[in-house]
Amino acid sequence: MGAIMDTPLPTSPLPTSMPIAGHIDPVVTARDITARADGRVDLLGLARPRIAEIFAEAGLEPKQAKLRAKQVYHWIYHRGVTDFDAMTDIAKTMRPWMSERFVIGRPEIVVSQHSEDGTRKWLLRTDDGHEFEMVFIPDADRGTLCVSSQVGCTLNCRFCHTGTMRLVRNLTPGEIVGQVMLARDALGEWPKAGQADYAALTDDLVDDEGGYSPDGRLLTNIVMMGMGEPLYNFDNVKGALKLVMDGDGLALSKRRITLSTSGVVPMMGKCGEEIGVNLAVSLHAVTKEVRDEIVPINRKYGIEELLQACADYPGASNSRRITFEYVMLKDKNDTDEHAHELVRLLRQYNLPAKVNLIPFNPWPGAIYECSTPERIRQFSNIIFEAGISAPVRTPRGRDIDAACGQLKTSAQKMSRAELDRLAEEKQAALG
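As the structure is a computational prediction, the values presented were derived from the model and not from experiment.

(A) Expanded view of the overall build of the protein. When you go through the protein residue by residue, the secondary structure sums to 11 helices and 13 strands. Long-range contacts, defined here as pairs at least 24 residues apart, represent 69% of the contacts in the protein between residues at least 6 apart. Of the roughly 18,400 Å² of accessible surface on the protein, 50% is carried by carbon and sulfur atoms.

Following this line, the structure appears as structure tokens:
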């Protein structure tokens, strides 16, 4: 462990926030950095100006702080390096100074699981001991990382297992972008000259086969569809995605990133203007009665208000359609009449839309059942015949509870002793 830093590092002003609707517990105050027990500051998730600010607060002259921040930023986000000693363009005398005060972290892997269909799920832990999950879904022509934005969830959508969790706190930018960094570590996708040394700790996760894009990358798309409501953690999600999209950072196109919301209407336009990624909306019902039941935020922001916000979403077009997610619940939202009403609503608001039909993924205690395959097919046909794309999503990772709506940290399924034992075994295996 490094030495305690000489100079306390104040944090930036707290990110702006808005009142949270739904079933919540007290939330830890928003922050951009999670404090570490060793006193060092984790630079992961920080933009260049923020890194320069922290370097200056730690004692570097402002001009030098700016230069060092530019160098460190490149090594963190372009090279995937986690060790200051590997930063060859930084003076050898400077590297120990940095190592004593700062760290370039990753979320701790508590448990990793592999589905028989190739899906992978990680249970991760923050520096202050909170757990959350992320999922990687490989397909024939793409690899999608499903990223979490909160520990727990603000909302209590009745069909969603994640929604049964308490909200613990928002994830910081570092904890959000750290999921992407960890996935690239695991997939071995950093430039070989500077590949993260952390990848050595995840050899069991590295996939050396194939490639989905011209540059051979396996991770091609990101969806903010993991644990939590991203628009209730707007500032931190925005900060993380800006790093992901930065041409000098992870350099993933905004067209390959999709943010999913349950319908936080006041933040939707802000998302389009300030982040500019694709939008997905968890619709799941076409009547007030049903949506009030299964997506309770509808009681605050109704279907008409939500669809108008979709119609106004900056950048939406036929080439960048809004995706409407619709979970298929037997005898609840799956009739022909529901399908026709969905078509009517999309036409009324003149929405460039695609509808993803999601077979309900069961979980212990769920009060709903999945619609039959025949009913789902008929529902899809009605929408297709109206000229709107309505594919049926193939469930992925069901055997490891990684499918849509199933994410709920294994910490709630295992005892603390079991988790600590697994962590000790992992550490022992790593030597």
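(B) Spatial organisation of the packing of helix α1 (residues 48-57) against helix α2 (residues 62-79). Packing of α1 against α2 leaves a shortest axis separation of 8 Å and a crossing angle of 130 degrees. The pairing of α1 with α2 is recorded here as oblique in orientation. The way α1 lies across α2 gives a crossing that is right-handed. For the pair formed by α1 and α2, the contact residues are Arg48, Ile51, Ala52, Phe55 and Ala56 on the first element and Ala65, Lys66, Arg68, Ala69, Lys70, Val72, Tyr73 and Ile76 on the second. Of the residues contributing to the contact of α1 with α2, the split by class is 9 nonpolar, no polar and 4 charged.

(C) Just the sheet that holds strand β9 (residues 221-224), in detail. Ordered in space as β3-β4-β5-β6-β9-β10-β11-β12-β13, the 9 strands form an open sheet in which the pairing is mixed. Taken across any chain shown, the strands that pair with only one partner, and hence form the sheet edges, are β3 (108-114) and β13 (353-359). Going from strand to strand, the sheet's axes swing by 20 degrees on average, the running direction of each strand aside. Two elements, strand β12 (residues 322-328) and β13, share 7 bridges in a ladder whose sense is parallel. Counterpart to threonine 323 in the pairing with β13 is lysine 354. Docked against the sheet, helix α10 (residues 373-385) engages β12 and β13, running at close to 175 degrees with respect to β13.

(D) The side chain of arginine 125, seen in detail. Position of arginine 125 among the secondary structure elements: in strand β4 (residues 120-125). Of note is the side chain of arginine 125, whose polar atom sits 3.1 Å from the side chain of glutamate 131.

(E) Seen up close, helix α9 (residues 336-348). Between its first and last C-alpha, α9 extends 18 Å over 13 residues, near the 18 Å set by a 1.5 Å rise per residue. Taken together, the buried positions of α9 are occupied by His338, Ala339, Leu342, Val343, Leu345 and Leu346. The arc enclosing the buried residues of α9, seen along the axis, measures out at 165 degrees, which places them on a common side. Projecting away from the buried face of α9 at angles above 90 degrees are the exposed residues Glu337, His340 and Arg347. Buried residues along α9 sit in contact with α8 (303-311), β12, β13 and α10. Immediately beyond the C-terminal end of α9, within one or two residues, lies asparagine 350, with a positive phi of roughly 50 degrees.

(F) Structural view of α10. Its 13 residues give α10 an end-to-end C-alpha distance of 18 Å, which sits within 8% of 18 Å, the value for a rise of 1.5 Å per residue. Residues of α10 that are buried include every one of Ile376, Phe379, Ser380, Ile382 and Ile383, and no others. Taken end-on, α10 shows its buried residues confined to a sector of 155 degrees, consistent with a single buried face. Along α10, exposed side chains directed more than 90 degrees from the buried face belong to Pro373, Glu374 and Glu385.

The rules behind each value
- Residues numbered from 1 in each chain as written.
- Predicted model: local features only at pLDDT ≥ 70, side-chain atom pairs only at ≥ 80, totals over all residues.
- Heavy atoms only, no water.
- Helix = DSSP H or I, 4+ residues; strand = E, 2+ residues; numbered from the N terminus.
- Contact = heavy atoms within 4.5 Å.
- Areas by Shrake-Rupley, 256 points an atom, 1.4 Å probe, with all protein chains shown as cover.
- Axes fitted to C-alpha atoms, helices over the stretch in contact; angles between N-to-C directions.
- Parallel < 35°, antiparallel > 145°, perpendicular 65-115°, else oblique.
- Left-handed = near helix turned anticlockwise from the far one by under 90°.
- Nonpolar A, V, L, I, M, F, W, Y, C, P; charged D, E, K, R; others polar.
- Pairing = 2+ DSSP bridges.
- Polar contact = N/O pair within 3.5 Å; in protein donor to acceptor, adjacent residues only side chain to side chain.
- Expected span 1.5 Å × (residues − 1).
- Buried < 20%, exposed > 50% of the residue type's maximum accessible area, 1.4 Å probe, protein only.
- Arc of directions from axis to C-beta.

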